[in-house]
Amino acid sequence: MTQEVKRSFCRICSGNCGVKITVENDRLVDVRGDHDDPMTLGYTCIKGIQAVAAHYAPDRVLQPLKRQPDGSFAPIDIEVALDEIAAKLKELMQTDGPESIGVYRGGGAFLNNTSTNISQRFLEAIGSHKFFSTITIDQSAKVVTAGRLGAWQGSRQPLDTCDVVMMVGSNPLVSISGYVFDARNPNKRMKEARARGLKIIVIDPRHTETAKNADVFLQPYPGEDPTLMASLLHVILREGWEDKEFCQQWVADLDELRAAVAPFTPEYAAHRAGVDAELIVKAASLFANESKRGFAVSGTGPDMAPRSNLAEHLLECLNVVCGRYLREGEQVGNPGVLQAREVRKAQVYPAQRWWESSYKSRIGGYGMLLADMPTGVMAEEMLQPGPGQVKAFITHGSNLVNSIPDQLKTTKALRSLELLVTIDPYMNETAKLSHYVIPPPMLYERPDLTGFYAETMLCPVPFARYTPAIVPPPEGSKLVEDWYPFWALAKRLGVTLNYEGVPLDMETPPTTDELLAIIASHCPEPWETFKSHELGKVYDDYPQFVEPADPDATGRFTTMPSDIEAEMAEVAAEPVSPDSVLSNGEEFAFRLSVRRIRETFNSIGRNLKEIRKRMPYNYAYMNPEDLTAMGLAEGEKISITSDLARIEGIIESDPTVRRGVISMTHGFGTLPEETVYERDGSSTSMLISTDRDLDPINAMPRMTAIPVNIARWA
Ligand SMILES: Nc1nc2c(c(=O)[nH]1)N[C@H]1C(S)=C(S)[C@@H](COP(=O)(O)OP(=O)(O)OC[C@H]3O[C@@H](n4cnc5c(=O)[nH]c(N)nc54)[C@H](O)[C@@H]3O)O[C@H]1N2
Ligand SMILES: Nc1nc2c(c(=O)[nH]1)N[C@H]1C(S)=C(S)[C@@H](COP(=O)(O)OP(=O)(O)OC[C@H]3O[C@@H](n4cnc5c(=O)[nH]c(N)nc54)[C@H](O)[C@@H]3O)O[C@H]1N2
Ligand code: SF4
Ligand SMILES: [Mo]
């Protein structure tokens, strides 16, 4: 038996950690961090290390399956399955029109370059708007903000040129994700940045791994970011710490912003959020007065809370009033390698409010965000009868049962479909409800690239890398690449797929490598040369500098459009009772706060023994003083009750969680009627309603700061 060590990179999350893989008889036997990887320097996490177990897990699906009348699944030839699926789609297109067909692009498809955009292109080709993706159940408030405030074409200041970074509700040291925070081996990068003198401000209900590096740490109740951001702006504008010259030239309505934040004194915000007013002033001073370069940035925390759009808007206003963007002549950190370069001019791309003029959802009349319909209304699109009702659905690299809020409603909606197709390597909870399950190869069984979609955001330098497939799929398996079902269905329906601007040949299927070459067509090197760099390459010979503004540039940031102003007034008028929250007419003592854990990636990883040894279920993390006050103890089982439902949790005493908060991750549990907490964990999505509390514009449900009561499990 010969063993061989090969090099590749992990794609479970967007960290793209370089790995060394031992292969024996065409099978993976070991995956570990590659210390020669120029980006990630040997870093990996438990999920990456467990890739061998993940590839050969017993619940992996190795051939296409069709659900039988008795509910069991039987193997089916892929071409027969695609014929049957295409026939149903054709029938629905004739009887109900193309809008009856929808797709969900989940994280599994997003992190796989050839399939990132293919489902969307498929729907475009058949003429349906029912495209949903994780974007609208994640940080869609960032899209809304760019559409209402405007955006600076010159991009943010690169991290290595910054004096200060303010991180609001993001924990890149665990999530390996962060808009412009350095996610390549983030522990080491954080240490390097701190040694260089970077100051860190963190605002988070939990004293996170990231917060341990903070110079100023605010620990508010979740859901109070709008007030906190407003009070930071209040202090900055009161003290005159804004960049006056920048504001004069590029902000249309600074006086209106000043007036709107006037009621949000540090004392008022501190009282609501449960923090020290002095700390708000200190954070404002460090950000705006003591530092000259940097940025404020958020993660899922504020963007999953009520008033996500308002919080994100005010947060970005911090960057606007301090002029924290690259100016003419400055070098762009990562202009991109694989993607076409954006025009970078020192000017504002004014607010476009795309959703106002776009196609509107049948449910709720929401406009499109990018090309997405809001996930918050997806289940209703399936459930509510009438023209345009979604009746056939393809879920691509997603586990909707576990990831879409209002789990009971979501499950009911998926069960109501005339056709549900899942493209996923595993028999996950959503696959169990599907009529067809189409399994693709897993990550080390296919060629790929470092993530192209968000490359300029997630990697601070222009780096890209190709990996070939490391092993073939397991012997005897019948898998098709993720993009294939979409190509094959388009062919059967007689439409052409337009792939990243290139119309595909619809007679002969492309190869995965050909599709990757299309994605990489903007790379400064020819495809074969690009592929030949085993450890990838930093393309720093092709710098991009911010160009001067157009002489007639008239775009300005609009900090206080009337809808923001109205929402600010609503917040200011809200009754304040920091120690309890009212929701749907009931009173609650705790707020459930969203979080990620190292061991799992959304619902991924729960099927692996080594991971479950470390994380048997999703713990309910609570402050020890709250436990004492309630006569509860670590290891006890509690009920967590929202205005919608009740779930179980086992307490883990955690002094990093602020009092009045229960911190719990999502993605656990299984089908609602089958869940046994000790075996499956529980789904926090059960607690979240999509009938009410949806944010305007993006229909974001209330996924953090969920009002809950806690009691010993009876
Ligand atoms: N290991 C692992 N990594 C992941 C994932 C995973 O599941 N596991 N998921 C991936 C995905 S899909 C995404 S989108 C990214 C997300 O990446 P991040 O946004 O960095 O996610 P978290 O690590 O949960 O950090 C969110 C922080 O917000 C805090 N928070 C909660 N509510 C509030 C609030 O109302 N206000 C404020 N200010 N803070 C709040 C939480 O305590 C938490 O520390 O992570 C990705 N990376
Ligand atoms: N309550 C609550 N709900 C949430 C969140 C939260 O914080 N709290 N977070 C939200 C966020 S930010 C996100 S991004 C979503 C995530 O929502 P989803 O994307 O639905 O969640 P995952 O569990 O990551 O599902 C990914 C699926 O992709 C599969 N997969 C992995 N690799 C591949 C591949 O190469 N090809 C294919 N076809 N499949 C693959 C995995 O097996 C898995 O079933 O959840 C959202 N839902
Ligand atoms: S952080 Fe973990 S899951 Fe993410 S790419 Fe690296 S090894 Fe993979
Ligand atoms: Mo996400």
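Computed from a predicted structure; not experimentally measured.

How each quantity is defined
- Residues numbered from 1 in each chain as written.
- Chains lettered and ligands numbered in written order.
- Predicted model: local features only at pLDDT ≥ 70, side-chain atom pairs only at ≥ 80, totals over all residues.
- Heavy atoms only, no water.
- Near = heavy atom within 4 Å.
- Nonpolar A, V, L, I, M, F, W, Y, C, P; charged D, E, K, R; others polar.
- Salt bridge = Lys/Arg side-chain N within 4 Å of Asp/Glu carboxyl O.
- Helix = DSSP H or I, 4+ residues; strand = E, 2+ residues; numbered from the N terminus.
- Buried < 20%, exposed > 50% of the residue type's maximum accessible area, 1.4 Å probe, protein only.
- Pairing = 2+ DSSP bridges.
- Axes fitted to C-alpha atoms, helices over the stretch in contact; angles between N-to-C directions.
- Contact = heavy atoms within 4.5 Å.
- Polar contact = N/O pair within 3.5 Å; in protein donor to acceptor, adjacent residues only side chain to side chain.
- Parallel < 35°, antiparallel > 145°, perpendicular 65-115°, else oblique.
- Left-handed = near helix turned anticlockwise from the far one by under 90°.

A. Looking closely at the site of ligand 3. With respect to spatial proximity, the complete set of residues near ligand 3 consists of Cys 10, Ile 12, Cys 13, Gly 15, Asn 16, Cys 17, Tyr 43, Thr 44, Cys 45, Lys 47, Gly 48 and Ile 176. Of the residues that constitute the shell around ligand 3, the class distribution is seven nonpolar, four polar and one charged.

B. Quick look at the pattern of salt bridges. Under the definition given, this model contains 56 salt bridges. As a salt-bridge pair, Glu 124 and Arg 121 come within 3.0 Å of each other at their nearest N and O atoms. One end of the pair, Glu 124, and the other, Arg 121, are both in helix α5 (residues 118-126), three residues apart, so they sit about a helical turn from each other. Relative accessible area serves as the criterion here: at 18%, Arg 121 is assigned to the buried category. Two residues, Glu 678 and Lys 637, come together in a salt bridge whose shortest N-O distance is 3.0 Å. With a gap of 41 residues between them, Glu 678 in helix α28 (residues 677-680) and Lys 637 in strand β27 (residues 637-641) connect regions that are remote in the sequence. One network of salt bridges, in which partners are shared, links Glu 224, Arg 272, Arg 307, Glu 567, Glu 570 and Glu 574.

C. Summary view of the sheet that holds strand β4 (residues 65-67). Taking strand neighbours across the sheet as the criterion, the seven strands line up as β5-β4-β16-β15-β14-β6-β7 in an open arrangement whose pairing is mixed. Here the strands that pair on one side only, and so sit at the sheet edges, are β5 (73-75) and β7 (131-133). With strand direction ignored, the average angle separating the axes of adjacent strands in the sheet is 20°. The pairing of β4 with strand β16 (residues 436-438) spans two bridges and is antiparallel. Bridging across to β16, Leu 65 finds its partner in Val 437.

D. Quick look at helix α19 (residues 407-416). Within α19 the residues assigned to the buried category are Gln 407, Lys 409, Thr 410, Thr 411, Ala 413 and Leu 414. Buried residues along α19 sit against α17 (378-383), α18 (400-403), β15 (419-423) and α20 (429-432).

E. Spotlight on the site of ligand 1. Residues in close proximity to ligand 1 total 32 residues, the closest being Ser 175, Asp 204, Asp 225, Thr 600 and Asn 602. In this structure, an oxygen atom belonging to ligand 1 sits 2.6 Å away from a side-chain N or O atom of Asp 204. Asp 225 places a side-chain nitrogen or oxygen 2.7 Å from a nitrogen atom of ligand 1. If one sorts the elements of the shell around ligand 1 by residue count, strand β25 (residues 590-595) sits on top with three residues.

F. Quick look at the environment of Gln 389. Its location among the elements puts Gln 389 in the loop between α17 and β14 (392-396). In contact with Gln 389, other than residues within four places in its own chain, are Glu 99, Ser 100, Arg 362, Glu 381, Met 382, Leu 383 and Gln 384.

G. Spatial organisation of the pairing of β27. In terms of strand pairing, β27 meets strand β28 (residues 646-653) through five bridges, oriented antiparallel. Opposite Lys 637, over in β28, you have Ile 650 as the bridge partner. From the end of β27 to the start of β28, which pair antiparallel, there are four residues.

H. The arrangement of the packing of helix α9 (residues 225-239) against helix α15 (residues 308-321) in detail. Remark: α9 packs on α15, axes separated minimally by 8 Å, with the N-to-C direction vectors making an angle of 20°. On the basis of the axis angle, α9 is roughly parallel to α15. In this structure, α9 meets α15 at a crossing whose hand is left-handed. On the side of α9, the interface is formed by Asp 225, Pro 226, Met 229, Ala 230, Leu 232, Leu 233, Ile 236 and Leu 237, while α15 contributes Leu 310, Ala 311, Leu 314, Leu 315, Cys 317, Leu 318 and Val 321. Of the residues in the contact of α9 with α15, the class split is 14 nonpolar, no polar and one charged.

I. Quick peek at helix α12 (residues 266-273). Extensive coverage of α12 is indicated by the burial of six of its eight residues. Buried within α12 we find Pro 266, Tyr 268, Ala 269, Ala 270, Arg 272 and Ala 273. Buried-residue contacts for α12 involve α9, α13 (277-289) and α25 (562-573).

J. Expanded view of the environment of Arg 595. Its location among the elements puts Arg 595 in strand β25. Judged by relative accessible area, which is 11%, Arg 595 ranks as buried. Sequence separation between Arg 595 and Leu 315 is 280 residues; the distance between their C-alpha atoms is 20 Å. Those residues in contact with Arg 595 that lie beyond four places of it in its chain are Arg 206, Tyr 621, Asp 654, Ser 663, Met 664, Thr 665 and His 666.

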